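Letter by letter, the chains look like this.
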Amino acid sequence: MIEKLKKIKDKIDLTMVGIFTFALSIIGNIQSVYAVDKIEGGNITIDSLGTIIKNLATKIQVFGIVVSFIALVVFVIQFIIGDDETKQRRKKTILYTLGGVALLILVPSIINFVIDTLK
């Protein structure tokens with residue numbers, strides 16, 4: 001069992017997983033933009049800017065949580081397989097990743113607070 005997990009760990013390159021996920025998210029969100037639409041819709045208010053920021057934050061939040069989940073899986077596998085020194089490092093890494101997920105969950109609340117303060 002441990003040998004199989006080591007082989008899986010060796011095959012998984014976290015950087016490549018992150019790049020692949022990022023590329024898929026970009027490809028999935030491509031929309032046609034025409035200059036005429038931009039010229040006609042030139043009225044930008046605080047409300048519309050807030051909506052844009054909220055939409056962007058939501059996409060970043062979803063991307064971050066997906067990457068964090070993948071990272072947690074890899075780190076837990078490394079924690080299970082590793083020796084004592086590796087386990088101590090991975091334990092800290094897992095805690096930092098969970099802290100990052102907590103911040104990602106709080107992002108909409110922080111943005112809403114800032115936008116409401118600016119109104």
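Description of the structure in this document. Residue numbering note: each chain is counted from 1, following its sequence as written. Where local features are concerned, this predicted model is filtered to residues with pLDDT of at least 70; where side-chain atom pairs are given and counted, the filter is 80 or more; whole-chain, interface and lining totals use all residues. Working from all heavy atoms in the structure, the side-chain values ignore hydrogens and water.

## With respect to the overall build of the protein chain
Definition in use: Numbering of helices and strands runs from the N terminus; a helix is a DSSP stretch of H or I covering at least four residues, while a strand is a stretch of E covering at least two. A simple rule labels every residue: compare its accessible area, found with a 1.4 Å probe on the protein chains alone, to the largest value its type can have, and call it buried under 20%, exposed over 50%, or partly exposed in between. By definition, residues are in contact when any of their heavy atoms lie within 4.5 Å. Using a 1.4 Å probe, accessible areas were evaluated by the Shrake-Rupley method; residue-level cover was limited to the displayed protein chains.
A tally of helices and strands in the protein chain yields five helices and zero strands. When the helices and strands of the protein chain are placed in sequence order, the string is α-α-α-α-α. Counting over 119 residues, the protein chain shows a buried share of 19%. A sequence separation of at least 24 residues applies to 75% of the contacts in the protein chain between residues at least 6 apart. As presented, the protein chain carries roughly 9,400 Å² of accessible surface, and 68% of it is formed by carbon and sulfur atoms.

## A look at the packing of aromatic side chains
Test applied: Note on ring pairs: Phe, Tyr and Trp rings are taken, using the six-membered ring of Trp, and paired if centres are within 6.5 Å. Classes follow the plane angle, with under 30 degrees stacked, over 60 edge-to-face and the rest tilted. Sitting over a ring, as applied to charges here, requires NZ of Lys or CZ of Arg to be within 6 Å of the ring centre and within 35 degrees of the ring normal.
For the structure on display, the rule yields zero aromatic pairs. We note Lys87 situated over the ring of Phe79; from NZ or CZ to the ring centre the distance is 5.7 Å.

## A few points about the side chain of Gln78
In plain terms, the rule: Within 3.5 Å is the distance limit for a polar contact, defined as a pair of N or O atoms, with the added protein rule that one can donate a hydrogen and the other accept it, and that residues adjacent in sequence qualify only through two side-chain atoms.
With respect to the secondary-structure elements, Gln78 resides in helix H4 (residues 46-81). Separated by 2.6 Å, the side chains of Gln78 and Arg90 make a polar contact.

## Details of helix H5 (residues 84-118)
Counted only if it meets this: What a helix is expected to span follows from its residue count: subtract one and scale by 1.5 Å. To get the bend at any residue, fit one axis to the seven residues that end at it and another to the seven that begin at it, then take the angle between the two axes.
Between its first and last C-alpha atoms H5 spans 50 Å; for 35 residues at 1.5 Å apiece the expected length is 51 Å, and the two agree. Along its length, H5 shows its largest kink, about 40°, at Leu106, and proline Pro108 lies within four residues downstream of that point. Thr86, Ile94, Thr97, Val101, Leu104, Ile111 and Ile115 are the residues of H5 that are buried.

## Observations regarding a nonpolar patch on the surface
Stated formally: A patch consists of residues whose relative accessible area exceeds 30% and which take part in no salt bridge; residues with like charges are grouped when within 9 Å of each other, and nonpolar side chains (Val, Leu, Ile, Met, Phe, Trp, Tyr) when within 5 Å. We define a salt bridge as a side-chain nitrogen of Lys or Arg found within 4 Å of a carboxyl oxygen belonging to Asp or Glu.
Taken together, the side chains of Leu103, Leu106, Ile110, Phe113, Val114 and Leu118 present a nonpolar region at the surface, about 630 Å² in accessible area. Within the fold, Ile110 resides in helix H5. Classification of Ile110 as partly exposed rests on a relative accessible area of 47%.

## Structural notes on the environment of Leu106
Take Leu106: it is sitting in helix H5. Given a relative accessible area of 44%, Leu106 falls into the partly exposed group. As for Leu106 and Gln61, which are separated by 45 residues in sequence, their C-alpha atoms are 9.4 Å apart.

## Digging into the environment of Ile77
Turning to its location among the elements, Ile77 is positioned in helix H4. Among the residues examined, Ile77 registers a relative accessible area of 16% and is labelled buried. Put simply, Ile77 and Arg90 are 13 residues apart on the chain and 9.6 Å apart in space, counted from C-alpha to C-alpha.

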